[in-house]
Amino acid sequence: MNSDVLLSYADEINSSWKYSLNIGANRLDQKINYGYTEAGSISTSGIYTLENSRVPLREVAKIFTKRIKQWLCLWKLSYRSILIL
């Protein structure tokens with residue numbers, strides 16, 4: 001799940017000076033369910049199925065989770081659209 005929010009505001013001090021402000025955030029939540037079954041060795045050569053395992057089957061199940069958060073702030077000040085800070 002990915003969520004974004006962005007707020008923007010722009011205004012003029014006078015006809016020569018303008019400014020804008022952007023503030024935002026992003027959050028990514030990730031969950032992965034991972035699993036597999038493994039046969040360590042086979043009984044009959046050439047038959048590659050789990051039922052043909054000579055040893056007990058090995059099952060692995062894992063859950064991976066990750067969260068990333070980001071913040072954004074951008075401020076801009078311009079004079080007659082020539083000089084920009």
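Note that the structure is predicted; figures quoted are calculated from it, not measured. (Residues numbered from 1 in each chain as written. Predicted model: local features only at pLDDT ≥ 70, side-chain atom pairs only at ≥ 80, totals over all residues. Heavy atoms only, no water.)

Visitor: How would you sum up a nonpolar patch on the surface? Please name residues and give values.
Guide: Taken together, Val5, Leu7, Tyr9, Leu21, Ile23, Trp75 and Leu85 make up a surface patch of nonpolar side chains, about 730 Å² in accessible area. Element by element, the count of residues in the nonpolar patch is highest for strand S1 (residues 2–12), at three residues. Counting through the fold element by element, leucine 7 comes out in strand S1. Leucine 7 gets classed as exposed once you look at its relative accessible area, which sits at 58%. (Patch = residues over 30% accessible without salt bridge, like charges linked within 9 Å, V, L, I, M, F, W, Y side chains within 5 Å. Areas by Shrake-Rupley, 256 points an atom, 1.4 Å probe, with all protein chains shown as cover. Salt bridge = Lys/Arg side-chain N within 4 Å of Asp/Glu carboxyl O. Helix = DSSP H or I, 4+ residues; strand = E, 2+ residues; numbered from the N terminus. Buried < 20%, exposed > 50% of the residue type's maximum accessible area, 1.4 Å probe, protein only.)

Visitor: Requested: an account of the pattern of salt bridges, with residues and values cited.
Guide: Think of it this way: side chains of opposite charge can pair up when their charged atoms draw near. Applying the stated criterion to the full structure yields three salt bridges. In this structure, arginine 27 engages aspartate 29 in a salt bridge whose closest nitrogen and oxygen atoms are separated by 3.0 Å. Across the pair aspartate 29 and arginine 67 runs a salt bridge whose closest N-O atoms are separated by 2.6 Å. With aspartate 29 in strand S2 (residues 17–38) and arginine 67 in strand S3 (residues 58–79), this residue pair connects regions lying 38 residues apart in the sequence.

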